[in-house]
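Here is what each chain is made of, one letter per residue.
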Amino acid sequence: MKSSNWITIIAAIIIGIGIGLTYGWVINPVVYTDVTPDALRADYRADYVLMVAEAYQGEQDSETAARRIAMIGSESPDLIVTSSLDYAIANNFSQNEILLLQGLLTAMQTYQPQPVNAP
Amino acid sequence: MRSSNRNIILYIVLALLTGLGLGLAYSWLLSPVTYVDANPAMLRTDFKDQYRIVVAASYASSHDLARARARLQLLGDVDPVGQLSALAQNMVAGNASLEQVQPIAQLATDLQQGFSSSPITDTPFVVVVNTPTEIDTPSAETFATETQTILEEDTPIPTLAFDQTPLAPVVTSTFAPRPTFTAIPASGVLFSLVGQDTVCDPGLQPGLLQFIIMDSRRRQVAGIEIIVSWTEKEDRFFTGFKPELGDGYADFVMQPDVIYSVRVVEGGAIVPNILAPTCTDPNGVIYTGGLLLTFQQP
């Protein structure tokens, strides 16, 4: 085979790769419909933690709050609340919302998970 | 010559297909688009349910219906009330406690009626009065623009927080009675049986025991617990989980030839000897009918 033919074939492969990448990344990318909460955008995470804080204000149940927070990340609950509190302060959340988050943070910093008894 | 050209074209096509396959494999398998900034609508179904539970728990504390609605909209539900009702029913079926189910049923009811039915907050620390700011974009940034006033616990002002709906008045710091307000019954006031009707409808589920619970003004009441007992078993459920049939509606399926007793927990007396009736259709075929029990506060 002539060298010009090889060049043509290699060019065709490169063009094919380009078309494949364009189709796979732009035209029809992988669609995520069942994502886990740890992939939530920062503002949604902060709002979720704020919801937990609002609920905690009424319920005063640290265990339930910790379980709800654990849904959005594998870090410890107090770290997640700290991160959300930082976001809230940086994004001008209201004073009451910041107070709620601070209350939840205090609860999570002092929360001790109940040991699970082996059967 | 012609054969040589044909081969070249074939090679080019094969090369293009190979390249296409490599490109797709890389973009779909090796390095797919990754979502790090997902929104709640993308969550898996079980996480969406957990999200709804937290929205309802938050609403039970804040009574901010506009915010709860905006948060539920983030999930992209076509019918948020229906989703909440289905979740509540699933939780009841899974033996969830009243404390877990009640906020969800309450939020579903309030979304249905368009205003908060429990506007007086009972939170022990701070009381929040929201200014009537319409929330269109349910993002945290928008939430942060709300103007809020914090009152200390010992401030003896009854506090109301309303959704901005045609039925609801503007926020005020004084208690104002509203004629459209509310379907929550006075605690301790008995519900008594005011109607027991046989329902012979072949289109309904056989043995369907339907309940309508109303207050003294004949408005249907959500969140009322009903206990149905039979032969050392019992089932507990609440009105309001099927808001499309009425806030005070609930139902239960009776087995033929089993005698049930019914009690509306809100101070109600036991109604004994409830039995699925037998009905006859126009062709003379006998089938199991249903009952409609209507309870009302005096």
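As the structure is a computational prediction, the values presented were derived from the model and not from experiment. The written sequence of each chain sets the order in which its residues are numbered from 1. In the order they appear in the text, chains get letters beginning with A and ligands get numbers beginning with 1. Two thresholds apply to this predicted model, a pLDDT of at least 70 for residue-level local features and 80 or more for giving and counting side-chain atom pairs, whereas whole-chain, interface and lining totals are computed over all residues. No hydrogens and no water enter the side-chain calculation; it runs on all heavy atoms of the structure.

1. Overview of the overall build of chain A
Our working definition: The way it works is that DSSP assigns letters per residue, a run of H or I at least four long becomes a helix, a run of E at least two long becomes a strand, and they are numbered from the N terminus. Only protein chains enter the accessibility calculation, which uses a 1.4 Å probe. A residue is then buried if its area is under 20% of the maximum for its type, exposed if over 50%, and partly exposed in between. In what follows, residue pairs with any heavy atoms lying within 4.5 Å of each other are defined as contacts. Shrake-Rupley sampling with a 1.4 Å probe provides the accessible areas, and residues are treated as covered by the protein chains on show and by no other component.
The helix and strand inventory of chain A stands at five helices and zero strands. Written out in order from the N terminus, the α and β elements of chain A read α-α-α-α-α. Classification of the 119 residues of chain A by burial places 43% in the buried group. Taking the contacts inside chain A whose residues are at least 6 apart along the sequence as the reference set, 59% of them involve residues at least 24 apart. Total accessible area computed for chain A in this model is approximately 6,300 Å², and 58% of it derives from carbon and sulfur atoms.

2. Focus on a nonpolar patch on the surface
Where we set the bar: Put simply, a patch holds well-exposed residues, over 30% relative accessible area, that have no salt bridge, with like charges counted together within 9 Å and Val, Leu, Ile, Met, Phe, Trp or Tyr side chains within 5 Å. Salt bridges are defined by distance alone: a side-chain nitrogen of Lys or Arg within 4 Å of a carboxyl oxygen of Asp or Glu.
Side chains of A:Tyr23, A:Trp25, A:Val26, A:Ile27, B:Tyr26, B:Trp28, B:Leu29 and B:Leu30 sit close together on the surface and give an oily, nonpolar patch of about 870 Å² of accessible area. For the nonpolar patch, the secondary structure elements donating two or more residues are helix 1 (3-27) of chain A together with helix 1 (2-30) of chain B. Classification of A:Trp25 as partly exposed rests on a relative accessible area of 35%.

3. What to know about the sheet that holds strand 6 (residues 233-238) of chain B
Residue and element names in this part refer to chain B. This is how it is decided: For two strands to pair, DSSP has to find at least two bridges joining them. Orientation is described by axes fitted as lines to C-alpha atoms, over the contacting stretch for helices, and by angles from 0 to 180 degrees between their N-to-C directions.
Strand order in the open sheet formed by four strands is 6-5-8-9, with antiparallel pairing between adjacent strands. Two strands in the sheet have a free side with no partner beyond their single neighbour: strand 6 and strand 9 (270-274). Taken over all neighbouring pairs, the strand axes of this sheet differ in orientation by 20 degrees on average, direction set aside. As judged from the six bridges shared by strand 5 (residues 225-230) and strand 6, these two strands associate in the antiparallel manner. By the bridge assignment for strand 6, Ile226 is matched with Phe237.

4. Considerations on the packing of helix 2 (residues 45-62) of chain B against helix 4 (residues 80-93) of chain B
Residue and element names in this part refer to chain B. What counts, and what does not: When describing relative orientation, an angle under 35 degrees is termed roughly parallel and one over 145 degrees roughly antiparallel, while 65 to 115 degrees is termed roughly perpendicular and anything else oblique. Amino acids are sorted into nonpolar (Ala, Val, Leu, Ile, Met, Phe, Trp, Tyr, Cys and Pro), charged (Asp, Glu, Lys and Arg) and polar (every other residue, Gly among them).
As a packed pair, helix 2 and helix 4 sit with axes 11 Å apart at the nearest point and diverge in direction by 100 degrees. Classed by the angle they form, the pair helix 2 and helix 4 counts as roughly perpendicular. Contact residues: Asp49, Arg52 and Ile53 in helix 2; Gln83, Leu84, Leu87 and Met91 in helix 4. Taken together, the residues that form the contact of helix 2 with helix 4 break down as four nonpolar, one polar and two charged.

5. Some thoughts on the nonpolar core
For clarity, the cut-off: Residues belong to one nonpolar core when they are buried, are Ala, Val, Leu, Ile, Met, Phe, Trp, Tyr or Cys, and are joined through side-chain atoms within 4.5 Å.
In terms of nonpolar packing, the biggest core is built from 60 residues, with A:Tyr48, A:Leu104, A:Met108, B:Tyr51, B:Ile104 and B:Leu107 touching the most fellow members. Among the elements of the structure, helix 2 (42-59), helix 3 (62-70), helix 4 (77-90) and helix 5 (95-110) of chain A together with helix 2, helix 3 (65-73), helix 4 and helix 5 (98-113) of chain B are those that each provide at least two residues to this core. Ranked by residue count, the leading element in this core is helix 2 of chain A, at nine residues. When sequence neighbours within four positions are dropped, the list of residues in contact with B:Ile104 reads B:Ile53, B:Ala56, B:Leu84, B:Leu87, B:Ala88 and B:Met91. The next biggest cluster of nonpolar side chains, apart from the first, holds 23 residues, and it includes B:Leu209, B:Val228, B:Phe237 and B:Phe295.

6. Remarks on the sheet that holds strand 3 (residues 192-199) of chain B
Residues and elements named next belong to chain B. Ordered by their spatial adjacency, four strands build an open sheet running 3-12-4-7, and the pairing between neighbours is mixed. Both edges of this open sheet fall to strand 3 and strand 7 (249-253), since each of them pairs with a single strand only. Across this sheet, the average inter-strand angle for adjacent strands is 20 degrees, counted without regard to direction. Where strand 3 lies against strand 12 (residues 290-296), seven bridges are found, and the strand directions are antiparallel. Within strand 12, the position partnered with Asp197 by the bridge is Leu292.

7. Quick notes on helix 4 of chain A
Residue and element names in this part refer to chain A. Counted only if it meets this: An expected span of 1.5 Å times one less than the residue number is assigned to each helix. In this description, the arc belongs to the directions extending from the helix axis to the C-beta atoms.
Between its first and last C-alpha atoms helix 4 spans 20 Å; for 14 residues at 1.5 Å apiece the expected length is 20 Å, and the two agree. Those residues of helix 4 that sit buried are Ile80, Val81, Ser84, Leu85, Tyr87 and Ala88. Down the axis of helix 4, the buried side of the element spans an arc of 160 degrees, and every buried residue falls inside it. Facing away from the buried side of helix 4 by over 90 degrees, the exposed positions are Leu79 and Ala90.

8. Some details on the packing of aromatic side chains
Selection criterion: Classification of ring pairs rests on two measures: the distance between centres of Phe, Tyr or Trp rings, Trp counted by its six-membered ring, which must be within 6.5 Å, and the angle between planes, read as stacked under 30 degrees, edge-to-face over 60 and tilted in between.
Within this structure, the stated rule accounts for 10 aromatic pairs over all chains. Here the aromatic rings of A:Tyr87 and A:Phe93 are separated by 6.1 Å at their centres, their planes lie at 90 degrees, and the arrangement is edge-to-face. We note that A:Tyr87, like A:Phe93, is buried. Taken together, the aromatic side chains of B:Phe211, B:Trp230, B:Phe237, B:Phe252, B:Tyr260 and B:Phe295 make up a single cluster linked through ring pairs.

9. Section: the state of the cysteines
Residue and element names in this part refer to chain B. To be explicit about the condition: Count a disulfide wherever a pair of cysteine sulfur atoms falls within 2.5 Å.
Counting across every chain of the model gives one disulfide over all chains. Note that Cys200 is cross-linked by a disulfide to Cys279, the S-S spacing being 2.0 Å. A torsion of -75 degrees about the S-S bond marks the disulfide between Cys200 and Cys279 as left-handed. With Cys200 in the loop between strand 3 and strand 4 (208-214) and Cys279 in strand 10 (residues 278-280), the pair connects residues that are 79 residues apart, well separated along the chain. We classify Cys279 as buried; its relative accessible area is 2%.

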